[in-house]
Amino acid sequence: MTGRELEWSRGDRAKAAAKVMVGWVALLWLLEVVDVASGHALDGLGITPRTPSELVDVVPAAFIHFGFAHVAANSVPLLVMGFLAALGGLRRFAAVCALIIVADGLGVWLIAPAHTNTAGASGLIFGLFGDLLVTGFVERRPLGVLVGLLVGAVWGTSILVGLAPTQSGVSWQGHLLGLVAGVATAFLFRRRSPEPT
C-alpha cells in the first residue's frame, strides 16, 4: 500500500474502489452495446488457441462478452469481488487484475480446445475469488480471513460448478487458470504488516 493510500480514510478507499468497479462494469456493458450494434464485430477479440495472431487478444478478451446475458452473469460477482479487492489499495488491485488477465489469457491460448473462441470476465472473477479467499490467511489479517470466508460462502458453490469440465459452452480451463492465477497473486502481492513501534 502506498503512503498516499495509507492516508486515505476507509471511506475514501471505499469510494475510490466503488468508482473503479462501477466504471469497469459500465465499460463491459458499453462494449457489448457496441458489439451488438456492429453485428458482433468485437466477438473476434476472443481467444482462439494456439494461433500466433491471437496473442494480441489475450487482454481484450477479458472485456468482451457473447451477449447481454453473458455480461449480466458476470456483472454482480465482478462488481462485488472487484470492490472488495480494490479496498486493499488501487495499486495492488491493478497489479492483481493485470496478472490474472494476462496469465489466464495466455493459459487459455495454450490449452483451450482447438477451434474455440474464449472471451469474458469470468477468468478474472475466478482469479479475484482466489485472491480474496487466500489473501487474509497469507497476510494473517483477521478481517481478510473473514472476507475470504464470506466470499467463499457466497460464491464457493458457483465456483466449483464453473470448474466442472462437463458444462457445454463454458471455458472451465479459463476458470481454473484464473483461479490459480488469483491464488498466486495472494502470495506475490501480499502486504507486509507494519513493524510494531
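All values reported here derive from a predicted model rather than from experimental measurement.

**A closer look at the side chain of serine 122**
- Here serine 122 lies in helix α5 (residues 122-139).
- You can call serine 122 buried: its relative accessible area is 16%.

**Overview of the pattern of salt bridges**
- For the coordinates displayed, the defined rule picks out three salt bridges.
- Arginine 92 is the partner of aspartate 131 in a salt bridge, and the nearest nitrogen-oxygen pair spans 2.9 Å. One end of the pair, aspartate 131, is in helix α5; the other, arginine 92, is in helix α4 (residues 90-111), and 39 residues separate them in sequence.
- Residue glutamate 139 is joined to arginine 141 by a salt bridge in which the shortest nitrogen-to-oxygen separation is 2.9 Å.
- Taken together, the shared-partner salt bridges connect Glu139, Arg141 and Arg191 into one network.

**Describing the environment of aspartate 131**
- Residue aspartate 131 is classed as buried on the basis of its relative accessible area of 1%.
- Separated by 22 residues in the primary sequence, aspartate 131 and alanine 153 have C-alpha atoms spaced 15 Å apart.
- Here aspartate 131 is in contact with Arg92, Val96, Gly182, Val183, Thr185 and Ala186, once residues within four sequence places are set aside.
- Within the local environment of aspartate 131, its side chain forms a polar contact with the backbone nitrogen of alanine 186, the two atoms lying 3.4 Å apart.

**Quick word on α4**
- End to end, α4 covers 31 Å across 22 residues, agreeing with the expected 32 Å (1.5 Å per residue, within 8%).
- Listing the buried residues of α4 in full gives Arg92, Phe93, Val96, Cys97, Ile100, Ile101, Asp104, Gly105, Gly107, Val108 and Trp109.
- The secondary structure elements touched by the buried residues of α4 are α2 (10-37), α3 (68-86), α5 and α7 (172-188).

**Looking at the nonpolar core**
- Core analysis: the biggest nonpolar cluster contains 29 residues, and Trp24, Leu78, Met81, Phe93, Leu124 and Leu128 have the highest contact counts within it.
- Secondary-structure elements contributing two or more residues to this core are α2, α3, α4, α5, α6 (142-162) and α7.
- Here this core takes six residues from α5, the largest share from any one element.
- Every residue in contact with phenylalanine 93, bar those within four places of it in the chain, is listed here: Val20, Met21, Trp24, Gly82, Ala85, Ala86 and Leu128.
- Within the second largest apolar cluster, eight residues are counted, among which are Ile47, Ala61, Val108 and Ala119.

**Things to note about the packing of α2 against α4**
- Packing of α2 against α4 leaves a shortest axis separation of 11 Å and a crossing angle of 30°. It follows that α2 is roughly parallel to α4 by the angle criterion. Crossing geometry of α2 relative to α4 is assigned as right-handed. Facing α2, whose interface residues are Ala16, Ala17, Val20, Met21 and Trp24, α4 presents Leu90, Phe93, Cys97 and Ile101.

Cut-offs used in this document
- Residues numbered from 1 in each chain as written.
- Predicted model: local features only at pLDDT ≥ 70, side-chain atom pairs only at ≥ 80, totals over all residues.
- Heavy atoms only, no water.
- Helix = DSSP H or I, 4+ residues; strand = E, 2+ residues; numbered from the N terminus.
- Buried < 20%, exposed > 50% of the residue type's maximum accessible area, 1.4 Å probe, protein only.
- Salt bridge = Lys/Arg side-chain N within 4 Å of Asp/Glu carboxyl O.
- Contact = heavy atoms within 4.5 Å.
- Polar contact = N/O pair within 3.5 Å; in protein donor to acceptor, adjacent residues only side chain to side chain.
- Expected span 1.5 Å × (residues − 1).
- Core = buried A, V, L, I, M, F, W, Y, C linked by side-chain atoms within 4.5 Å.
- Axes fitted to C-alpha atoms, helices over the stretch in contact; angles between N-to-C directions.
- Parallel < 35°, antiparallel > 145°, perpendicular 65-115°, else oblique.
- Left-handed = near helix turned anticlockwise from the far one by under 90°.

Everything listed is a geometric property; what it means functionally is a separate question.
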